[in-house]
Every structure is written in C-alpha cells, then in structure tokens.
Amino acid sequence: MERGTADWYRQFAEECKDQSAIFEDWALGIAEDPQIISLIDSLPFQKRQPNLIFAVSRLLGAPVSEFAEFRTWLVSNWQQVSAEAATRSTQTNEPRRCAALIAALGLIEEPISLIEIGASAGLCMQPDRYSYQFGEARLDPVSGPSRLLIESASSSSVPIPSAMPNIAWRAGVDLNPLNVLNDTDVKWLETLVWPEQRDRLERVRLAIEIARLDPPRIIKADALLGLKQLLELAPSESRIVVSTPAVLVYLPYLKRMELVEEIVSRDIDWISLDALRVLPEVDAKLQDPKPFQFTLSMNSNPLANVGAHGQFIEWI
Ligand SMILES: C[S@@+](CC[C@H](N)C(=O)[O-])C[C@H]1O[C@@H](n2cnc3c(N)ncnc32)[C@H](O)[C@@H]1O
C-alpha cells in the first residue's frame, strides 16, 4: 500500500534530525501544507520522495533558507521541479559506507572480484583506495595513505583488517550509471549531499577525484540482468563478492527476492547494507533492530549496525 505523502515527509524530518536542520524544517513544513502535498501528489509515487524533491529544487536554484521562502520558490518553479524530477532519481553515492564494506571484505579470502549492484558513480567500488580511521586503528591502501581519510566511529569489536583487502577486479551495474568524468553528473552527485553536510561533500569530492584517475567500469542495466552479465566476466581465479549497499530498497519486493535468490544460488559472497524491512531474513536474526540505521550483512547474516551514511559501525 502506498503511504501518505504527508507522513512520508514527517518521517523524513525525523531522519534529518541532527543531520540537516534545513531539510527537517522543509519536510515538516510540507507535511503540514495541503497545497504543496497536492502538488507533490500529482507526481508518480516514486518521484514524491523528499530527498528527490529537495535535491532537484536545490539543483534548480531553490533558496537554501527557511521553509516560507523555499515554499514561495517551490510554488513558482513547480513546473521545472516536476519536469526535472521526472528525469532524475536519488543516486546518493556515499564513500563513507566503505568503512563497513572494508571490514566485511577483510573477512573474505583474497584476491577479490568486487561486483557492486546499484553502483551510482562507483565511489563504493574502490574501498581499497581510501584510508580509514577506526578509533585508534588506521588502515591505508597498499600504495600508501589516500587523500581521502574515512573516519568511522567504531565499536572495539569491529574486525579491522590488518592489511588492505586485495581487490583484483571490479565492476558495477546501475540503471543509470553516473560518470565521474561528466560535470553534470558530478553536480548531481554533489547536490544529493544534504545542505549542512560540508564534510560529506568534501568526502564525495575527494572520492570523485580518486575515481577520475581510474574510472570504474559500470554497465547500464537492471540489477539481475547486469549481475548475470558481470558474473560471466569476473575472473574465475578470484573470490567473487557481490555488494549491494543502499540499493535493494529501490527494487520492488518480488524483484528484490529474485535477485537475492540468484545471488545465494551461486558460490559467491554477498555483502549488503540495508535499512530495516528490506531483507526480512536478515531482520529476523537481529536481536535489537534499530530504526533509521542500516544493517551490514554477509550472506544474509547480520554483522553490524551501521549509520545510514557509514558514520558509525557497531559490530554485533
Ligand atoms: C542510493 S544509491 C546507492 C549508491 C551506492 N551503492 C552507495 O551506497 O553509495 C542507489 C543506486 O541504485 C541504482 N538502482 C536503483 N534500482 C536499480 C535497479 N533495479 N538496478 C540497478 N540499479 C538500480 C540507482 O540508480 C542508484 O544509483
């Protein structure tokens, strides 16, 4: 059943607490504003998403200020906002999620062939090219410290790899791959970062710079089809790892389960990062499910509670 748009925006305001006062204010304002809700309800369901409406508005020059001013802008620019939303989707690419991914990759035999489903611009396909600070412990690429240092508040039980996992081959699939060499794509990636989050923006920019030195191979395809194509290409002498961070929620349930069945039917490893209710089999194994957090799982077993953007890792 489709949920009400006002509730959707109210819940988004909750998610924004302590992360973006501006988006929290906009989302609460919209939730209480029947005129704006009816504008948003004129869009197809998937396009009513708060993150999408706000990012598209900012891309088109909305004032990043209090709700009353944003509202005036939104009403006068609604035609452009709805046209732009029709062509875009949220493709937030968060390199900080690599802190959780690299801990999980450290548990797998090497060398690794990494296949990411829902890769966006591929910033989570190069976890071995970033440096990490997990509390006192630091992990650097084999070639030396990276320009991007990812800091993640971590419980002491996180199994930090003693050396950077060896990713010998990598490829991704996305419905709409973003190209780190294309300025429009880069602008969209930057706009998807919430307004006050300067450190996130800085991380995305550094990760893009790193990716530009050796742009990731990302094929344009739907998840299942793309996965099958990439499994044909991955070198057989390496351990294949499929990663699905923050993407499965976008697949309708039956399609998601079809993809999961395909993955688990193969002799490969699977790392995922998902909110609650995305993978019921993983949720069922959680002793203390946490709303608004992600679960890091490997082969359907929960490993850690993780901040949605990789801010913290609490190993289970
Ligand atoms: C929120 S982004 C996550 C990007 C990246 N995995 C990360 O964690 O930073 C989700 C990505 O999944 C892609 N996506 C959504 N549905 C898909 C599908 N059915 N097949 C392939 N990619 C899909 C979107 O285009 C988008 O780039």
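Scroll up to find the structure.
*Asks:* What exactly am I supposed to notice about the packing of aromatic side chains here?
*Replies:* Between two aromatic rings, the relevant description is the distance of the centres plus the angle of the planes. All chains considered together, the criterion is met by 12 aromatic pairs. Ring geometry for Phe12 against Phe54: centres 5.9 Å apart, planes inclined by 65°, an arrangement best described as edge-to-face. Here Phe12 is found in helix H1 (residues 5-16), whereas its partner Phe54 is found in helix H4 (residues 50-59), with 42 residues between them in sequence. With 4.9 Å between their ring centres and 55° between their planes, Phe23 and Phe54 make a pair best called tilted. Separated by 31 residues along the polypeptide, Phe23 in helix H2 (residues 21-31) and Phe54 in helix H4 bring together distant segments of the chain. As far as the burial class goes, Phe23 and Phe54 line up, both buried.

*Asks:* Explain the site of the ligand to me, please; I cannot follow it from the model alone.
*Replies:* With respect to spatial proximity, 19 residues lie near the ligand, and among them Asn93, Arg97, Glu116, Asp174 and Asp222 are the closest. In this structure, a nitrogen atom belonging to the ligand sits 2.6 Å away from a side-chain N or O atom of Glu116. At 2.7 Å, a side-chain N or O of Asp222 approaches a nitrogen atom of the ligand. Contact with the protein chains hides 96% of the accessible area of the ligand, taken as 600 Å² for the molecule alone.

Basis of the calculations
- Residues numbered from 1 in each chain as written.
- Predicted model: local features only at pLDDT ≥ 70, side-chain atom pairs only at ≥ 80, totals over all residues.
- Heavy atoms only, no water.
- Phe/Tyr/Trp six-rings, centres within 6.5 Å; stacked < 30°, edge-to-face > 60°.
- Helix = DSSP H or I, 4+ residues; strand = E, 2+ residues; numbered from the N terminus.
- Buried < 20%, exposed > 50% of the residue type's maximum accessible area, 1.4 Å probe, protein only.
- Near = heavy atom within 4 Å.
- Polar contact = N/O pair within 3.5 Å; in protein donor to acceptor, adjacent residues only side chain to side chain.
- Areas by Shrake-Rupley, 256 points an atom, 1.4 Å probe, with all protein chains shown as cover.

Purely spatial values, then, with no claim about function.
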